[in-house]
Amino acid sequence: MNLIDRTAYATPLRKLDPAYKAGFSLLVLILCLALNRPLVGVVAAAWMWILSIWWAQLPASLIRKVLLAEGIFLALSVAGVAVNIRFYPFFFGITADGLDSALLLFTRALGCASAMNFLALTTPLVDLLDLGRRLRLAPLLLDLMTLIYRFIFTLFESMERMRTAQDARLGYSGFWRGMSSAGELAARLFVDAYQRSARVQIALEGRGYAGDLRVLPAEYRRDRRVFALAAIVTLSMFFVWSL
Amino acid sequence: MCLLELVDIHFSYPGHERNALHGVSLHFPPGDRVALIGRNGSGKSTLMLHCNGILFPQQGEVRLGGVTVTSDRASLTNLRRHVGLVLQDPDDQLFSASVAQDISFGPLNLGLSTSEARARVDEAAALCDVTHLLNRPTHALSGGEKTRVALAGVLAMQPSILVADELINSLDPWARQQIFTILDRLVKSGKTVMLATHDMDVAFGWAERVVWMDEGKIYFDGSAVEAQLLFESENPAFAGHVPPRL
């Protein structure tokens, strides 16, 4: 999560309006779902790869690792679709239909995942929350997301400190001792989170909290070339679909 | 003219027999530089929470500009506009993922427009030397940066009195010095700063007035020089120690 966050903050696309990035990713995702050909998913993944490296200037190694992990996961998931089992008469094997379905499912899912990767790796969550406010999503939901996102990191830091303190006193010197320490850590972390929530409430009230977390909207760059890019990607996906 | 007065405050937490505050009376004239000292559990934090209206006295009253503060929204907003509270751990205070958005929270709650709030954010960020951090995520800041951002979040509300609970405890000497520079600017501009601390160098070297609490009562309220003499008479090991100029 830290890596995704750091990458999203470092990319030159960070300041591009998240509505453009989300719209673009959503368009690719919808096209992958709507255009029913395996090559469409491949083209979508290829476009997202190119744009991630050339436009968003993300490290190629990172994109490769993410896509590889997702690809392996998807391949294992669709293997069940390719394999056909029948009991009367008994058949166990791979049919052409099964293979086609698995390939379509795999490429479609990979295309969609690539579009979401692009969004996640170029848009920090704070910008997505900002977009949610502009789209008038429920304030309570957005406030909860804001606090959860912020306190994931704080909770991680607390957990690291507690784990180090346990480790320094041989808390993880054996399997059962480790299990016991991990259980105690989880319980203590819960108490810590509860106490922190009370302190956060005090801090918010001290600054005039009146029921919703009102903050300034962020300022973004708007680049109309995104529309041209979206048109090119759409046309190329329609072209391979029509082949 | 005292902006904030605490008059004969009594308070005990639910389920606790002992009073956390027992007949505490204090006044804060403008431009005062106050250190709040005392043992753990002496009532310092409880006193600070009363100053900002987070807690209400069970007996006695808090007055702002001579007017008694009540629990209605308008009265509380007015109190919080004038008295800013900074907590000990900045991670308790920074709720937003973005520094600029976090600082803007207070001004927007005061009902300011977006442009006014933006101006307040820029001003507070400049005062606390965090302008270069405005676009950074709060979780990526160092301890000193987090403290300065938390301070900026409160100063953006332009309070007349700043109440800070052990603000500098976990900071390195360089970060501490930055905080003292900010606090000095505030005092010079006529604001009152009350800093709760366990660091006697801060109490006797930085403050002009020391409020010493013990078991929920004001044990001493006077000049830092007198407070130091009293402290040394009770703790001979500290006798002759010259606090640094902060």
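Residues numbered from 1 in each chain as written. Chains lettered and ligands numbered in written order. Predicted model: local features only at pLDDT ≥ 70, side-chain atom pairs only at ≥ 80, totals over all residues.

(A) The packing of helix α3 (residues 38-54) of chain A against helix α9 (residues 225-242) of chain A, seen in detail. All names here are of chain A. Where α3 meets α9, the closest approach of the two axes is 8 Å, and the angle between their N-to-C directions is 155 degrees. In terms of orientation, α3 and α9 fall into the roughly antiparallel class. Relative to α9, the crossing made by α3 is right-handed. Residues Leu39, Val40, Val43, Ala44 and Trp47 of α3 touch α9, and the partners they reach there are Val233, Ser236, Met237, Val240 and Trp241. (Axes fitted to C-alpha atoms, helices over the stretch in contact; angles between N-to-C directions. Helix = DSSP H or I, 4+ residues; strand = E, 2+ residues; numbered from the N terminus. Parallel < 35°, antiparallel > 145°, perpendicular 65-115°, else oblique. Left-handed = near helix turned anticlockwise from the far one by under 90°. Contact = placed C-beta atoms within 7 Å.)

(B) The arrangement of the domain arrangement of chain A in detail. If you check the domain split of chain A, you get domain 1 (2-128 + 220-242) and domain 2 (138-206). The gap between the C-alpha centroids of domain 1 of chain A and domain 2 of chain A is 34 Å. (Domains from an automatic or database assignment.)

(C) Spotlight on the interface of chain B and chain A. Facing 31 residues of chain B, the contacting portion of chain A comprises 28 residues. Secondary-structure elements contributing two or more residues to the side of chain B that touches chain A are α2 (73-82), α3 (90-93), α4 (99-109), α5 (114-127) and α6 (143-155) of chain B. Looking at the side of chain B that touches chain A element by element, the count peaks at seven residues for α4(B). Partitioned by chemical class, the residues of the side of chain B that touches chain A number 14 nonpolar, 13 polar and four charged. (Nonpolar A, V, L, I, M, F, W, Y, C, P; charged D, E, K, R; others polar.)

(D) Region of interest: the environment of B:Leu230. Residues and elements named next belong to chain B. Here Leu230 is to be found in helix α9 (residues 224-234). What makes Leu230 partly exposed here is the crowd of 15 C-beta atoms within 10 Å. Taking C-alpha positions, Leu230 is 22 Å from Leu21, a pair spaced 209 residues apart along the chain. (Buried ≥ 20, exposed ≤ 12 C-beta atoms within 10 Å, placed from the backbone.)

(E) Quick look at the sheet that holds strand β8 (residues 192-196) of chain B. All names here are of chain B. One open sheet accounts for six strands, arranged β6-β7-β8-β3-β9-β10; its pairing is mixed. Edge strands, defined here as strands with exactly one partner in the open sheet, are β6 (83-86) and β10 (217-223). Neighbour-to-neighbour, the strand axes of this sheet turn through a mean angle of 15 degrees, independent of strand direction. Taken together, the five bridges between strand β7 (residues 161-165) and β8 define a ladder with parallel strand orientation. Bridging from a neighbouring strand, Ala164 pairs with Leu195 of β8. (Pairing = 2+ DSSP bridges.)

(F) Fine view of the nonpolar core. Formed by 79 residues in total, the largest nonpolar core has its most connected members in B:Ala35 and B:Ala152. Per-element accounting of this core gives the leading share, six residues, to α6(B). Here B:Ala152 is in contact with B:Ile103, B:Ala124, B:Ala125, B:Cys128 and B:Val130, once residues within four sequence places are set aside. Within the second largest apolar cluster, 32 residues are counted, among which are A:Tyr20, A:Ala56, A:Phe106 and A:Phe118. (Core = buried A, V, L, I, M, F, W, Y, C linked by C-beta atoms within 7 Å.)

(G) Structural detail: the packing of α4(B) against α6(B). Residue and element names in this part refer to chain B. Closest axis-to-axis distance for the α4/α6 pair is 7 Å, and the angle between their directions is 35 degrees. Here Val99, Asp102, Ile103, Phe105 and Gly106 of α4 lie close against α6, whose contacting residues are Val149, Ala152, Gly153 and Val154. Partitioning the contact of α4 with α6 into residue classes produces six nonpolar, two polar and one charged.

(H) Geometry of the confidence of the model for chain B. Counting all residues, the mean pLDDT for chain B is 91, and 98% of those residues have values of 70 or more. Taken together, the chains of this predicted complex give a pTM of 0.84 and an interface ipTM of 0.82. (pLDDT = per-residue confidence, 0-100.)

(I) Seen up close, the pairing of strand β9 (residues 209-214) of chain B. Residues and elements named next belong to chain B. Most of β9 is tucked away, with five of its six residues classed as buried. Across five bridges, strand β3 (residues 33-38) lies against β9 in parallel orientation. Within β9, the position partnered with Leu36 by the bridge is Val211. The pairing of β9 with β10 spans six bridges and is antiparallel. If you follow Val211 over to β10, its bridge partner there is Asp221. Taking the residues between adjacent antiparallel strands as the criterion, β9 and β10 are bridged by two residues, where Glu215 takes a positive phi near 50 degrees.

(J) Expanded view of the sheet that holds strand β4 (residues 59-64) of chain B. All names here are of chain B. Taken in spatial order, the four strands make up an open sheet running β2-β1-β4-β5, and their pairing is antiparallel. The open sheet has two edge strands, β2 (21-28) and β5 (67-68), and neither has a second partner. Sheet analysis places strand β1 (residues 4-11) next to β2, joined by six bridges and oriented antiparallel. Bridge pairing links Ile9 to Val24 in β2. Contacting β1, β2 and β4, helix α1 (residues 44-51) runs over the sheet at an angle of about 125 degrees to β1.

(K) Representation of the environment of B:Phe180. Residue and element names in this part refer to chain B. In this fold, Phe180 is placed in helix α7 (residues 173-188). C-beta crowding within 10 Å serves as the criterion here: with 18 such atoms nearby, Phe180 is assigned to the partly exposed category. In this structure, the C-alpha to C-alpha distance between Phe180 and Gln101, residues 79 residues apart in sequence, is 25 Å.

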